[in-house]
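# Observations on chain architecture
Each chain is listed here by its residues.
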Amino acid sequence: YIIRTSKGFSLIELSIVIAIMTVLASGAMAAKGFIDAAKITKAASAIETTRLAIETVIARRGGQWYNPIQGHSVYHGDLVARNLVPEMPWSIADITISVAAVGNETPEVTHILPIYVVAKGPLVQLRALFERLESHHLFLNSAPPANTHCTPKNQPSALPHDIYQHNFCFRRSL
């Protein structure tokens, strides 16, 4: 018998190594997709929690949106003070929920304005979040009402450092 000494890898050995690396790489990419989807789900849940917190404050006021003592309707400070949300701004992965509710308005127009939940983050994640919220029965951004600050689909405001802002709007249930 002749013993052959080889100083390299055979074509079959290289093919096996490349196949193993391909399987590992595709698993890593799939895991990243699952992680990104989980972040969007968590952010959508936080937005829904914020929206429900606003509705809870209004229900505790007997359905009155406008508070004449404070001179406004509901602010994010009201939600934190009542322990309805953990904090504001509320950070979920790369998305920050910075403002919730409606601003200073008079009692005459309060009933027609939507609930605002402002989210800031990377464009790709905000678009995915928008698509996730589109199926919500109170979501208004798909066809935003006139004279509101609701952000239409695929038109978020650009901020510095590749961050974008989306004003998500919901019809009031009370």
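First, a word on scope: everything that follows refers to the structure included in this document.

Procedures and definitions
Residues numbered from 1 in each chain as written. Predicted model: local features only at pLDDT ≥ 70, side-chain atom pairs only at ≥ 80, totals over all residues. Heavy atoms only, no water. Phe/Tyr/Trp six-rings, centres within 6.5 Å; stacked < 30°, edge-to-face > 60°. Helix = DSSP H or I, 4+ residues; strand = E, 2+ residues; numbered from the N terminus. Buried < 20%, exposed > 50% of the residue type's maximum accessible area, 1.4 Å probe, protein only. Axes fitted to C-alpha atoms, helices over the stretch in contact; angles between N-to-C directions. Parallel < 35°, antiparallel > 145°, perpendicular 65-115°, else oblique. Left-handed = near helix turned anticlockwise from the far one by under 90°. Contact = heavy atoms within 4.5 Å. Nonpolar A, V, L, I, M, F, W, Y, C, P; charged D, E, K, R; others polar. Polar contact = N/O pair within 3.5 Å; in protein donor to acceptor, adjacent residues only side chain to side chain. Disulfide = S-S within 2.5 Å.

## Remarks on the packing of aromatic side chains
A complete count under the given rule lists 4 aromatic pairs for this structure. Ring centres 6.2 Å apart and planes at 40° place the aromatic pair Phe 139 and Phe 168 in the tilted group. With a gap of 29 residues between them, Phe 139 in the loop between helix 4 (123–133) and strand 4 (157–159) and Phe 168 in strand 5 (residues 163–170) connect regions that are remote in the sequence. We classify Phe 168 as buried; its relative accessible area is 0%.

## Section: the packing of helix 1 (residues 11–60) against helix 4
Two elements in contact, helix 1 and helix 4, have axes separated by 10 Å at closest approach and are oriented at 60°. Considering the angle they form, helix 1 stands oblique to helix 4. Read as a crossing pair, helix 1 and helix 4 show a hand that is right-handed. Together, Lys 39, Ile 40, Thr 41, Ala 43, Ala 44 and Ile 47 of helix 1 and Gln 125, Ala 128, Leu 129, Arg 132 and Leu 133 of helix 4 make up the contact between the two elements. When its residues are assigned to classes, the contact of helix 1 with helix 4 shows 7 nonpolar, 2 polar and 2 charged.

## Focus on the side chain of His 166
One can find His 166 in strand 5. Under the relative-accessibility criterion, His 166 is labelled buried at 2%.

## Digging into the side chain of Thr 151
Within the secondary structure, Thr 151 sits in the loop between helix 4 and strand 4. Polar side-chain contacts of Thr 151 include one of 2.8 Å to the backbone nitrogen of Asn 167. Sequence-distant contacts of Thr 151, defined by excluding residues within four places in its chain, comprise Phe 130, Asn 141, Pro 156, His 166 and Asn 167.

## Comments concerning the state of the cysteines
Inspection of every chain in the model, using the stated rule, returns 1 disulfide. What pairs with Cys 150 in a disulfide is Cys 169, and their sulfur atoms sit 2.2 Å apart. Where Cys 150 bonds to Cys 169 through sulfur, the torsion about that S-S bond is close to -115°, and the disulfide is left-handed. Here Cys 169 lies in strand 5 and Cys 150 lies in the loop between helix 4 and strand 4, a separation of 19 residues in the sequence. With a relative accessible area of 0%, Cys 169 lands in the buried category.

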